[in-house]
Amino acid sequence: MKNQQTLLFILNDAPYGSERSFNGLRLAINLGEQSEAETDIKIFLMSDAVSCALPAQTPGEGYNVQQMLEILMAQGAEVKLCKTCCNARGLSSLPLIEGAEIGTLDDLSLWTLQADKVVTF
């Protein structure tokens, strides 16, 4: 019998510059691919990480955070962005990648209470 776990990833850093968001998404993707356990993965983007969910990213080389989020959502992950953080950065009226949505601190609180593990980057 497979073990079902709910994993919450809270990302705080911008998509590029630091590799913290990249590493968090990389771990989330890898955990979603493990056959030993079924996982319910939730990603909450806060602070500068909210820009990870903007479409049409064209990084020069290396990884593409937008594609990583799309892979996670294709695996069934939920992705929400902090509304307060989006408002502070003027992103609330911009389009997001398909499947991502603006969330609230109430959403994050509920996800935290429901999670078996919370991982922050």
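An unreviewed UniProt entry annotates the chain as DsrE family protein originating from Photobacterium rosenbergii. UniProt lists a comment for the chain under the heading Function (unreviewed entry), and it reads "Could be part of a sulfur-relay system."

**Q** Which parts of the structure should I look at to understand the overall build of the chain?
**A** Tallying secondary structure elements over the chain gives four helices and five strands in all. Its helices and strands in sequence order give the chain the pattern β-α-β-α-β-α-β-α-β, from N to C terminus. Taking 14 Å as the expected radius of gyration for a compact globule of 121 residues, we find that the chain reaches 14 Å, a close match to that expectation. Considered along the principal axes of its C-alpha atoms, the chain spans approximately 45 × 35 × 25 Å. Contacts in the chain between residues at least 24 apart in sequence constitute 76% of all its contacts with a sequence separation of at least 6. The chain carries 8 positive and 15 negative side-chain charges, and their two centres are separated by 4 Å.

**Q** Please clarify how the packing of aromatic side chains should be interpreted in this entry.
**A** Centre-to-centre distance and the angle between the planes together describe a pair of aromatic rings. Applying the stated rule across the entire model yields three aromatic pairs. Between F22 and Y63 the ring centres are 4.1 Å apart and the planes differ by 20 degrees, which places this aromatic pair in the stacked class. Of the two residues, F22 sits in helix α1 (residues 20-32) while Y63 sits in the loop between β2 (37-45) and α2 (65-74), which places them 41 residues apart along the sequence. Centre to centre, the rings of F44 and W111 are 6.2 Å apart; their planes meet at 85 degrees, and the pair counts as edge-to-face. Here W111 lies in helix α4 (residues 105-114) and F44 lies in strand β2, a separation of 67 residues in the sequence. Taken as a pair, F44 and W111 share a single burial class, namely buried. Grouped by ring-pair contacts, the aromatic residues Y16, F22 and Y63 constitute a single cluster.

**Q** I keep staring at the nonpolar core and nothing clicks. Help me out?
**A** Most often, soluble globular proteins have nonpolar side chains that are buried together. Counting residues in hydrophobic clusters, the biggest one holds 38 residues, and the most contacted among them are L25, I41, I43, L45, L69 and L72. Secondary structure elements with two or more residues in this core: β1 (3-11), α1, β2, α2, β3 (78-82), α3 (83-88) and α4. Excluding anything up to four places from it in sequence, I41 contacts L7, F9, A28, L31, G32, L72, A77 and E78.

**Q** Would you take a moment to explain α1 for this structure?
**A** Since the α-helix advances by 3.6 residues per turn, residues separated by three or four positions end up pointing in the same direction. Its 13 residues give α1 an end-to-end C-alpha distance of 18 Å, which sits within 8% of 18 Å, the value for a rise of 1.5 Å per residue. Buried residues of α1: S21, F22, G24, L25, A28 and I29, and no others. Projection of α1 onto a plane perpendicular to its axis shows the buried side chains occupying an angular sector of 165 degrees, all on one side. On its buried face, α1 is in contact with β1, β2 and α2.

**Q** Quick question: what am I supposed to make of α2 here?
**A** Among the residues of α2, those classed as buried are V65, Q66, M68, L69, L72 and M73. Around the axis of α2, the buried residues are gathered within 160 degrees of arc, so they sit on the same side. In the core, the buried residues of α2 are packed alongside α1, β2 and β3. Put simply, N64 is the residue that caps the front of α2, since its side-chain oxygen is 3.0 Å from the backbone nitrogen of Q66. Just downstream of α2, G76 is the residue with a positive phi angle, here 105 degrees.

The rules behind these values
Residues numbered from 1 in each chain as written. Predicted model: local features only at pLDDT ≥ 70, side-chain atom pairs only at ≥ 80, totals over all residues. Heavy atoms only, no water. UniProt positions renumbered as here; feature names shortened; annotations may be inferred. Helix = DSSP H or I, 4+ residues; strand = E, 2+ residues; numbered from the N terminus. Rg over C-alpha atoms; globule rule 2.2 N^0.38 Å. Contact = heavy atoms within 4.5 Å. Lys, Arg positive; Asp, Glu negative; His and termini not counted. Charge placed at Lys NZ, Arg CZ, Asp CG, Glu CD. Phe/Tyr/Trp six-rings, centres within 6.5 Å; stacked < 30°, edge-to-face > 60°. Buried < 20%, exposed > 50% of the residue type's maximum accessible area, 1.4 Å probe, protein only. Core = buried A, V, L, I, M, F, W, Y, C linked by side-chain atoms within 4.5 Å. Expected span 1.5 Å × (residues − 1). Arc of directions from axis to C-beta. Polar contact = N/O pair within 3.5 Å; in protein donor to acceptor, adjacent residues only side chain to side chain.

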